[in-house]
Amino acid sequence: MGRQVAIVSAGFCEHSSKRSDVNMPELVNEAIRDCLKKVPSLGISDIDAFVTGNMPAFEGANMPELWSTDWMGARNKPLLRVTTGGTTGGTVAIAGYYNVTAGLPGIDTVLAIAYEQQSQGDTSVGLASTAYGEISILNTLGIDYDSLSRILSAGAAIGVAAYQATNYMSKARITEEDLARVVVHNRRMAAKNWWAHLRMPDLTIEEVLDTPYVQYPLRYGMLCPASDGACAMLFTTEEKAKDMCDIPVYVNGVASVANESAVLGYDGSGSAQTDPSAQIGAMRSSELAYSQAGISFPRKEIDYAEVYSPFPNQELMWLEKLGLFEETTAPQMYENGTTALDGDLPVNCSGGVNSTNAIGASAMERPAVAALQIMGKADNQVPKTVHTSIGHGWGGSLNLCTLMVMSDEPKRKWR
Amino acid sequence: MSKLTQRKSLDYIKKDYVRTRTMPGSWYLSSYKFRFNITHHQPMLEKLKEKKLIANQCSGCNRVFFPPRLVCGQCLVKPDRWVDIRDTARVATYAIAYLKNPDTGQVEEKPMILVQHDGADTCSIAELAPGINVKDTYIGMPIKAHWKENATGGLMDIEYYDPIPDDAKDIE
Ligand SMILES: [Zn+2]
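My aim in this report is to walk through the structure given alongside it, one point at a time. (Residues numbered from 1 in each chain as written. Chains lettered and ligands numbered in written order. Predicted model: local features only at pLDDT ≥ 70, side-chain atom pairs only at ≥ 80, totals over all residues. Heavy atoms only, no water.)

## Notes on the overall build of chain A
The line we're drawing: The way it works is that DSSP assigns letters per residue, a run of H or I at least four long becomes a helix, a run of E at least two long becomes a strand, and they are numbered from the N terminus. Partly exposed residues are those whose accessible area sits between 20% and 50% of the maximum for their type, while under 20% is buried and over 50% is exposed, using a 1.4 Å probe and protein chains only. Every residue pair with non-hydrogen atoms within 4.5 Å of one another is taken to be in contact.
Looking only at helices and strands, chain A has 18 helices and 11 strands in total. Seen through its C-alpha atoms, chain A measures out along the principal axes to roughly 60 × 45 × 40 Å. Per-residue burial over chain A gives 66% buried out of 415 residues. Restricting to contacts in chain A with at least 6 residues of sequence separation, those with at least 24 account for 78%.

## Re the nonpolar core
Operational definition: Note on terminology: a nonpolar core comprises buried Ala, Val, Leu, Ile, Met, Phe, Trp, Tyr and Cys residues joined through side-chain atoms within 4.5 Å.
Val-263, Tyr-290 and Ile-390 of chain A are the most contacted members of the largest nonpolar core, which totals 66 residues. It is helix α9 (residues 157-172) of chain A that contributes the most residues to this core, eight residues altogether. If we skip the residues at most four places from it in the chain, Val-263 of chain A touches Val-160, Tyr-163, Ser-271 and Leu-398 of chain A together with Leu-114 and Ile-125 of chain B. One finds Phe-12, Ala-95, Ala-112 and Ala-378 of chain A within the second-largest nonpolar core, a separate group that totals 42 residues.

## Section: empty space enclosed by the protein
Which parts of space are left empty comes out when a probe the size of a water molecule is rolled across the atoms. All names here are of chain A. Threshold: The distinction between a cavity and a pocket rests on a 1 Å grid over the protein atoms alone: a 1.4 Å probe fits inside a cavity but cannot get out, while a pocket stays open yet meets protein on both sides within 12 Å along at least five of seven lines, and a residue with an atom within 4 Å of a point counts as lining. Grid points are joined across faces, edges and corners, and a volume is the space filled by probe spheres set on the points. Three classes are used, and their members are as follows: Ala, Val, Leu, Ile, Met, Phe, Trp, Tyr, Cys and Pro are nonpolar, Asp, Glu, Lys and Arg are charged, and the others, Gly among them, are polar.
Summed over the entire model, instances satisfying the criterion amount to two cavities of 30 Å³ or more. Size it by volume and the largest cavity reaches roughly 50 Å³. In this structure, the largest cavity is lined by Asn-193, Trp-195, Cys-349, Ser-350, Val-369, Leu-372, Gln-373, Ala-378, Asp-379 and Asn-380. Taken together, the residues that form the lining of the largest cavity break down as five nonpolar, four polar and one charged. As for the second largest cavity, its lining consists of Gly-90, Ala-93, Ile-94, Ala-363, Pro-367, Gly-391, Thr-402, Leu-403 and Met-404. Put simply, the parts of the chain that give the lining of the second largest cavity at least two residues each are α5 (88-101), α18 (359-375) and β11 (400-407).

## Considering the coordination of the zinc ion
All names here are of chain B. Where we set the bar: Here a donor is any nitrogen, oxygen or sulfur atom (N, O, S) within 2.8 Å of the metal, with 3.2 Å used for Na, K and Ca; water is not among the atoms considered, so some sites may look incomplete. Here a site with four donors is tetrahedral if all angles are between 85 and 135 degrees, and a site with four or six donors is square planar or octahedral if opposite donors are over 155 degrees apart and the other angles are between 65 and 115; anything else gets the irregular label.
Taken together, the protein ligands of the zinc ion are Cys-58 (SG), Cys-61 (SG), Cys-72 (SG) and Cys-75 (SG), with distances of 2.2 to 2.3 Å. With four donor atoms in place around the zinc ion and angles of 105 to 113 degrees between them, the coordination shape is tetrahedral. Donor residues for the zinc ion sit on one chain with the sequence pattern C-x2-C-x10-C-x2-C. Judged by its relative accessible area of 0%, Cys-58 is buried.

## Let's talk about the packing of helix α10 (residues 176-190) of chain A against helix α15 (residues 312-321) of chain A
Residue and element names in this part refer to chain A. Selection rule: Only C-alpha atoms enter the line fits that serve as axes; for helices the fit covers just the stretch in contact. Angles between N-to-C directions range over 0 to 180 degrees. For classification, angles of less than 35 degrees are called roughly parallel, those exceeding 145 degrees roughly antiparallel, those between 65 and 115 degrees roughly perpendicular, and all remaining angles oblique.
Across the interface, α10 lies against α15 with an axial gap of 8 Å and an inter-helix angle of 90 degrees. If you check the angle between α10 and α15, you find them roughly perpendicular. Across the interface between the two elements, Leu-179, Val-182, Val-183, His-185 and Asn-186 of α10 pack against Pro-312, Asn-313, Glu-315 and Leu-316 of α15.

## Quick look at the packing of aromatic side chains
Short version of the rule: In this analysis, rings of Phe, Tyr and Trp, with Trp reduced to its six-membered ring, are considered paired at centre separations within 6.5 Å, and the interplanar angle assigns stacked below 30 degrees, edge-to-face beyond 60, and tilted for intermediate values. Only Lys NZ and Arg CZ are tested; either one counts as a charge over a ring when it is within 6 Å of the ring centre and within 35 degrees of the ring normal.
If you walk through the whole model with that rule in mind, you get seven aromatic pairs over all chains. With a centroid separation of 5.9 Å and an interplanar angle of 5 degrees, the aromatic rings of Tyr-213 of chain A and Tyr-98 of chain B are classed as stacked. Of this pair, Tyr-213 of chain A sits in strand β5 (residues 213-216) while Tyr-98 of chain B is found in strand β4 (residues 88-100), placing the two residues in two different chains. Tyr-213 of chain A gets classed as buried once you look at its relative accessible area, which sits at 17%. Geometrically, the ring pair formed by Tyr-308 of chain A and Trp-394 of chain A is edge-to-face, given 6.0 Å between the ring centres and 65 degrees between the ring planes. Residue Tyr-308 of chain A is found in the loop between β9 (304-306) and α15, and its partner Trp-394 of chain A is found in strand β10 (residues 388-395); the two are separated by 86 residues along the sequence. The burial state of Tyr-308 of chain A is the same as that of Trp-394 of chain A; both residues are buried. Taken together, Tyr-213 and Tyr-216 of chain A together with Tyr-94 and Tyr-98 of chain B form an aromatic cluster joined through their ring pairs. The side chain of Arg-219 of chain A reaches across the aromatic face of Tyr-213 of chain A, ending 4.1 Å from its centre. Above the face of the Tyr-12 of chain B ring, Lys-14 of chain B is positioned so that its terminal group lies 4.6 Å from the ring centre.

## Observations regarding the state of the cysteines
Our working definition: Put simply, a disulfide is two cysteine sulfurs that come within 2.5 Å.
Evaluation of the coordinates by the stated rule reveals zero disulfides over all chains. Sulfur of Cys-231 of chain A: no disulfide; nearest cysteine sulfur belongs to Cys-35 of chain A and is 8.0 Å away. Residue classification places Cys-231 of chain A among the buried positions, given a relative accessible area of 0%. Note on Cys-123 of chain B: no disulfide assigned, nearest cysteine sulfur contributed by Cys-72 of chain B at a separation of 15 Å.

## Regarding the sheet that holds strand β1 (residues 5-12) of chain A
Residue and element names in this part refer to chain A. Quick reminder of the rule: Strands are treated as partners if at least two bridges between them are detected by DSSP.
Reading across from one edge, β3-β2-β4-β7-β1-β8-β11-β10-β9 is the order of the nine strands in this open sheet, with mixed pairing throughout. Looking at the sheet topology across the chains shown, the edges are occupied by β3 (79-81) and β9. Across the sheet, the mean angle from the axis of one strand to that of its neighbour is 25 degrees, orientation sign disregarded. Here β10 pairs with β11 via eight bridges, running antiparallel. Within β11, the position partnered with Thr-388 by the bridge is Ser-407. Together, β1, β4 (110-117) and β7 (228-237) form the strand contacts of helix α1 (residues 24-37), whose direction differs from that of β7 by roughly 40 degrees. Across the sheet, helix α13 (residues 280-293) lies against β8 (249-258), β10 and β11, angled at about 150 degrees from β8, the strand it touches most.

## Quick notes on the sheet that holds strand β2 (residues 64-65) of chain B
Across the sheet, which stays open at both edges, the three strands sit in the order β2-β1-β3 (chain B) with antiparallel pairing between neighbours. Every other strand in the sheet has two partners, leaving β2 and β3 (81-85) of chain B as the edge strands with one partner each.

## Description of the side chain of Asn-354 of chain A
Residues and elements named next belong to chain A. Stated formally: Under the rule applied, a polar contact is a pair of N or O atoms within 3.5 Å (in protein, one hydrogen donor and one hydrogen acceptor; residues adjacent in sequence only if both atoms are side-chain atoms).
Within the secondary structure, Asn-354 sits in helix α17 (residues 352-355). Given the relative accessible area of 0%, Asn-354 is considered buried. Engagement of the side chain of Asn-354 in a polar contact is seen with the backbone oxygen of Pro-310, the distance being 2.9 Å. Once you skip the residues sitting within four places of it in the chain, Asn-354 turns out to touch Val-183, Asn-186, Arg-187, Leu-198, Met-222, Leu-223, Cys-224, Pro-225, Ser-309, Pro-310, Phe-311 and Pro-312.

Rendered as structure tokens:
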């Protein structure tokens, strides 16, 4: 009934707004080399299969997995590509896990690679192209093109997150200062992480609140950047993992759940998710993944969390929806230091998506960092021993969530 | 007001990278034909001409959809019942967009709202009356559709939503 899977390594390339010194395959190669460097006993020939993914419309290159095959070391080996928008990285990681747990003959060690070089193309065009097919129906309902493009401009990723932010803010009764505190937390963490993009060691709440609004309540200083970057993760079987590294990280639960899309809805028919911050998909995915991993008290049993939060309000919301804090209490946890590096539940010590966002790679960087924190090899390592951690991903129109639960013990409940 | 969209960036540790060869190029997308089934919209569009709103209801879960839906995602059945709904609604959620007015070139604050009509279970994107102070917008604000003089049978027949007095009381 499926094999227990372990993560033995994870690697990153340097993230920046414009990695003008490398092209896409070279960028990918950097992350793979960083990943393999951490497992000296393993060569590229020992890898049996590959899983990869990015969002092709963002770079303007179709089928990038074909022209970067050699740079991945995947020539003449099984290669699979998955793309699911914002959660691409999370889905690639889950596909890597599936590949190993399936127990196919000759496939034990799988390299999962996710990447995005946003400086090559236009992300907003890519986003619009994914939304236009859904929205164009409004044209037939008597909404003229001008209003349609206005809705589009207000309905892109920031747009939908702004709705979510006002809902969360009115529910939790918090101010913009609480959002800025989350941003400061992330950016200062990023300063201690060599591969992060927006590294701001001295950022203050006042500086964030001094930037203009992009869409109320989100200010320019609160938004995630657009980065170039790549991430690689190495999955293998329980037996092989023990020879490869000192502390293998076992994947005990995975889930990828979609709820009804918020704000726009399909076919222009609106959304039944009248509260975009309700996030039933996130709750359901945590329920599934925790039950696989045998976690009944997430708040007690999870020591470290990496959540996908391009916007600060989402970080607060996810932590509550994934069962780590009680509803509406997350802002207090940032105030009293629970989520700090030496706190009870350190969160996003890599700087999170708020500091580094290479879209296709972001959702994989979350489980990758969470795994390295258990191994004790993370770049901004928490001082306490991490036994169990989670890596979360988000995408779609506020509706798709991926989750990976990892631990230093093979505690998976199903055998 | 133009200060509203001024990009003021925060300082961060930057690193310069060598610039290698770059080839400029563009991706001209062809024209596409997106296919939709709009039969389920027709009864609603007809009623809009009379300045009345109807929605369809799923017989599985009794949820009321406005605008109408082709399929209920929860039950996987076609909603087959038509119900009347009111033209009063509430603000389900909102955000304030900063948009450039094409005529004056000025950046204006504009609340973008999702409205949930009284009697419907879904919400959709809409606009608030011009002139309304954005600071007064809140979640749960009661509003009423403002109809165009001559309704033509399209969603744009509701030009925008006017706020109406909120008689809700705080729970003691
Ligand atoms: Zn139903």
